[in-house]
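What follows is each chain in one-letter form.
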Amino acid sequence: MATIEECRSALDKLSDNLAGADGDVRSAAALDRSLTCRITDLDVTFVGRLKGGRIEVLRTLPGPPPEKAQIRLTMTGDDLVAMVDGELNFAKAWGAGRVKLEAGLWDLLRLRKLL
């Protein structure tokens, strides 16, 4: 099972990947939205923002998110680490119910370019 530190590192790596992206991926990541990433097996939530093509983690809280963010991810720590490392395809994991992504319709349409 992935640790909180490994999950935080995976989010940092994902942020770096987004910041270094080109074209449609770069424009999709250029949103300015509140973001939560709930890690179910660790019972922890990373709270932050997607801003300027980067993920800024502002705090790590125990339990579920205290408020509804504009973009909400939910998954296990192992799935987060595997996705960022390229070992787990997001679309397949989402289709199988292993990863949950919630956002407004406009944001989902833009975020699909990331997937």
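All of the points below concern the structure found in this document. (Residues numbered from 1 in each chain as written. Predicted model: local features only at pLDDT ≥ 70, side-chain atom pairs only at ≥ 80, totals over all residues. Heavy atoms only, no water.)

By the element assignment, arginine 38 lies in strand β1 (residues 33-39). Judged by its relative accessible area of 15%, arginine 38 is buried. Among the polar contacts listed, one links the side chain of arginine 38 to the side chain of aspartate 43, at a separation of 2.8 Å. Polar contacts involving the side chain of arginine 38 include one to the main-chain carbonyl oxygen of glycine 63, which spans 3.1 Å. Those residues in contact with arginine 38, other than ones at most four positions away along the chain, are Asp43, Val44, Thr45, Gly63, Pro64, Pro65, Leu73, Thr74 and Met75. (Helix = DSSP H or I, 4+ residues; strand = E, 2+ residues; numbered from the N terminus. Buried < 20%, exposed > 50% of the residue type's maximum accessible area, 1.4 Å probe, protein only. Polar contact = N/O pair within 3.5 Å; in protein donor to acceptor, adjacent residues only side chain to side chain. Contact = heavy atoms within 4.5 Å.)

Moving on to the environment of glutamate 56. Mapped onto the fold, glutamate 56 is located in strand β3 (residues 54-62). Expressed as a C-alpha distance, the spacing of glutamate 56 and leucine 11, which sit 45 residues apart in the sequence, is 8.9 Å. In this view, glutamate 56 contacts Val47, Gly48, Arg49 and Lys51; residues no more than four positions away in its chain are not counted.

Let's shift gears to the pattern of salt bridges. On inspection of all chains with the given rule, the structure shows 8 salt bridges. Where aspartate 107 meets arginine 33, a salt bridge forms, and the shortest distance between an N and an O atom there is 2.9 Å. Of the two residues, aspartate 107 sits in helix α5 (residues 105-111) while arginine 33 sits in strand β1, which places them 74 residues apart along the sequence. With its nearest N and O atoms 3.8 Å apart, the salt bridge here joins arginine 72 to glutamate 102. Here glutamate 102 lies in strand β5 (residues 100-103) and arginine 72 lies in strand β4 (residues 71-75), a separation of 30 residues in the sequence. (Salt bridge = Lys/Arg side-chain N within 4 Å of Asp/Glu carboxyl O.)

This paragraph deals with the pairing of β5. With burial as the criterion, only one face of β5 is covered, namely that bearing Leu101 and Ala103; the residues Lys100 and Glu102 on the opposite face remain uncovered. Inspection of the sheet shows β4 paired to β5 by 4 bridges, in the antiparallel sense. Each residue of the ladder has a partner; that of threonine 74, found in β5, is lysine 100. (Pairing = 2+ DSSP bridges.)

A few words now on the sheet that holds strand β2 (residues 44-51). Spatially, β3-β2-β1-β4-β5 is the arrangement adopted by the 5 strands of the open sheet, whose pairing is mixed. Every other strand in the sheet has two partners, leaving β3 and β5 as the edge strands with one partner each. Adjacent strand axes in the sheet meet at a mean angle of 20 degrees when their direction is disregarded. In this structure, β1 lies alongside β4, joined through 5 bridges in parallel fashion. The residue of β4 that forms the bridge with threonine 36 is arginine 72. Helix α1 (residues 4-19) contacts β1, β2 and β3 of the sheet and is inclined by roughly 160 degrees relative to β3. (Axes fitted to C-alpha atoms, helices over the stretch in contact; angles between N-to-C directions.)

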